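Next come the chains, spelled out residue by residue.
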Amino acid sequence: MIKAGSQKKRGDYMPGEKELNVNLFERLDLLDRLERVAKKANCEPVLQEIAFERSLIERKLYQKLPLTDRQE
């Protein structure tokens, strides 16, 4: 018998830090591949957008969370 409220919904899953990092590194890999093509085509607007997206991803990837920072 299943108790009311004990079923997990699809949106209840919280990925861990490792899974989030893997996703962000995969996005960086994709940007690298897109950047290579944009450079060959000499497409400056696309290169600028790639640089902007990369900075957003790196900010998420390399940020220090307040709960993990040590105050020494």
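Keep in mind the model is a prediction, meaning the values are calculated, not measured.

**Q** What should I look at first to understand the overall build of the chain in this one?
**A** Of regular secondary structure, the chain possesses two helices and zero strands. Just so you have it, the chain exposes about 7,000 Å², and 54% of that area is on carbon and sulfur atoms.

**Q** Please explain the pattern of salt bridges as it appears in this structure.
**A** Two side chains with opposite charge may pair up if their charged atoms get near one another. Applying the stated criterion across every chain, the model contains two salt bridges. The residue R54 makes a salt bridge to E35 at a minimum N-O spacing of 3.4 Å. With R54 in helix 2 (residues 44–62) and E35 in helix 1 (residues 17–40), this pair connects stretches of sequence that are 19 residues apart. The exposure classification of R54 matches that of E35, with both residues buried. Within this structure, D32, E35 and R54 form a network of salt bridges that share partners.

**Q** Would you take a moment to explain unusual backbone geometry for this structure?
**A** Backbone geometry follows two general trends: most residues other than glycine have a negative phi, and most peptide bonds adopt the trans configuration. A positive phi angle, near 55°, is found at N42, a position not held by glycine. Along the polypeptide, N42 turns up in the loop between helix 1 and helix 2. When its relative accessible area of 64% is taken as the criterion, N42 is described as exposed.

Quick notes on the rules
Residues numbered from 1 in each chain as written. Predicted model: local features only at pLDDT ≥ 70, side-chain atom pairs only at ≥ 80, totals over all residues. Heavy atoms only, no water. Helix = DSSP H or I, 4+ residues; strand = E, 2+ residues; numbered from the N terminus. Areas by Shrake-Rupley, 256 points an atom, 1.4 Å probe, with all protein chains shown as cover. Salt bridge = Lys/Arg side-chain N within 4 Å of Asp/Glu carboxyl O. Buried < 20%, exposed > 50% of the residue type's maximum accessible area, 1.4 Å probe, protein only.

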